[in-house]
Amino acid sequence: MPFTWLTNPMIKYLIIFLIALIVISAVGLIFLMKRKPNYEIATIGINGKFFEAEVADTAIKRAKGLSGRKTLEENKAMFFIFPRPRRYNFWMIDMNFPLDIVWLNGNKVIDISKNVPSPRSGESPAVVSPSREADRVLEISAGSAERLDIKIGDEVVTK
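What you see is a predicted model; the values in this text were computed from it and never measured.

Rules used throughout
- Residues numbered from 1 in each chain as written.
- Predicted model: local features only at pLDDT ≥ 70, side-chain atom pairs only at ≥ 80, totals over all residues.
- Heavy atoms only, no water.
- Helix = DSSP H or I, 4+ residues; strand = E, 2+ residues; numbered from the N terminus.
- Buried < 20%, exposed > 50% of the residue type's maximum accessible area, 1.4 Å probe, protein only.
- Salt bridge = Lys/Arg side-chain N within 4 Å of Asp/Glu carboxyl O.
- Core = buried A, V, L, I, M, F, W, Y, C linked by side-chain atoms within 4.5 Å.
- Contact = heavy atoms within 4.5 Å.

Asker: Quick question: what am I supposed to make of the overall build of the protein here?
Answerer: Of regular secondary structure, the protein possesses three helices and nine strands. Tracing the protein from N to C terminus, the helices and strands come up as α-β-β-α-β-β-β-β-β-β-α-β. Sorting the 159 residues of the protein into buried and exposed places 36% on the buried side.

Here is the structure:
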C-alpha cells in the first residue's frame, strides 16, 4: 500500500492542521487586500500645482494602490515610495478609470506614462514601466500631466 503512512493518526491531524492554516492564511490575505489601508497624506507639488496624495509606502499599500476606487478627484493623487530605484512595473488591475503615471527619481520627473487605460471587461490590464529607474511614482487623473504641462526634468516638491 503506497499511502500506509496516512493511517497514522498524527499524520492525519498534521495534514488537517496544515490545510486549516492555509485556508485561514488565504482568507486573511484576501481580507487585507479588500480593505482600504490607512494611508498618510502628503502634499506633492509639480509646476506650482499641488496634489493631496495618499502615501503608499508599504508592500500592501503599493499592491492596493487605487484599485477598486470609482474616481480620482482632480487635486488628489496616489504617491508610491519604493525602498530603492528600479524599473518597477505598474498594472491597472481592478482600476475603474485611466491615469497619468508620473515616474520620479529623487525630486525630478524622469518619465511620464500618459492616459494609461483601465481594462475593459474581459481585457487584461495595461502594464507600464518607466524608461529609467524610479524610486517614487505619482498617479494622477488622466490628462492632468498634459493640462498642467508636467514634463521630464520638472522638479517635485514634497511637503
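Asker: So what exactly am I meant to see when it comes to the pattern of salt bridges here?
Answerer: Close approach of charged atoms allows side chains of opposite charge to pair. Taken as a whole, this structure holds eight salt bridges when the rule is applied. Note that Glu155 is salt-bridged to Lys108, the shortest N-O span being 3.3 Å. In this pair, Glu155 is assigned in the loop between helix H3 (144-147) and strand E9 (156-158) and Lys108 in strand E6 (residues 108-116), connecting sequence segments 47 residues apart. Residue classification places Glu155 among the exposed positions, given a relative accessible area of 51%. In this structure Lys108 comes out as partly exposed when scored by relative accessible area, which is 35%. The partner of Asp149 in a salt bridge is Lys151, with the nearest N and O atoms 3.7 Å apart.

Asker: How should the nonpolar core be read in this particular structure?
Answerer: In a soluble, globular protein the nonpolar side chains are often hidden away together inside. One finds Leu66, Phe80, Phe90, Leu99, Ile101, Trp103 and Val137 to be the most contacted residues of the largest nonpolar core, which totals 20 residues. If you list the elements that add at least two residues to this core, you get strand E3 (76-86), strand E5 (99-105), E6 and strand E8 (134-141). Contacts of Phe90, omitting those with residues within four sequence positions, involve Phe80, Phe82, Ile101, Trp103, Ala126, Val127, Val128, Val137 and Glu139. Judged by nonpolar contacts, the second largest core, of 18 residues, contains Ala77, Ala145, Leu148 and Ile150.

Asker: Even after reading the chapter, I still don't get the environment of Ile112, so can you show me in this structure?
Answerer: Along the chain, Ile112 turns up in strand E6. Classification of Ile112 as buried rests on a relative accessible area of 17%. Taking the C-alpha atoms as reference points, Ile112 and Ile101, separated by eleven residues in sequence, lie 5.7 Å from one another. Not counting the four nearest positions on each side in its chain, Ile112 is found in contact with Ile101, Trp103, Ala145, Ile150, Lys151 and Ile152.

Asker: Is there a simple way to think about the side chain of Lys61 in this case?
Answerer: Mapped onto the secondary structure, Lys61 falls in helix H2 (residues 59-64). Ignoring sequence-local partners within four residues, the contact set of Lys61 consists of Pro37, Asn38, Tyr39, Val55 and Ala56.

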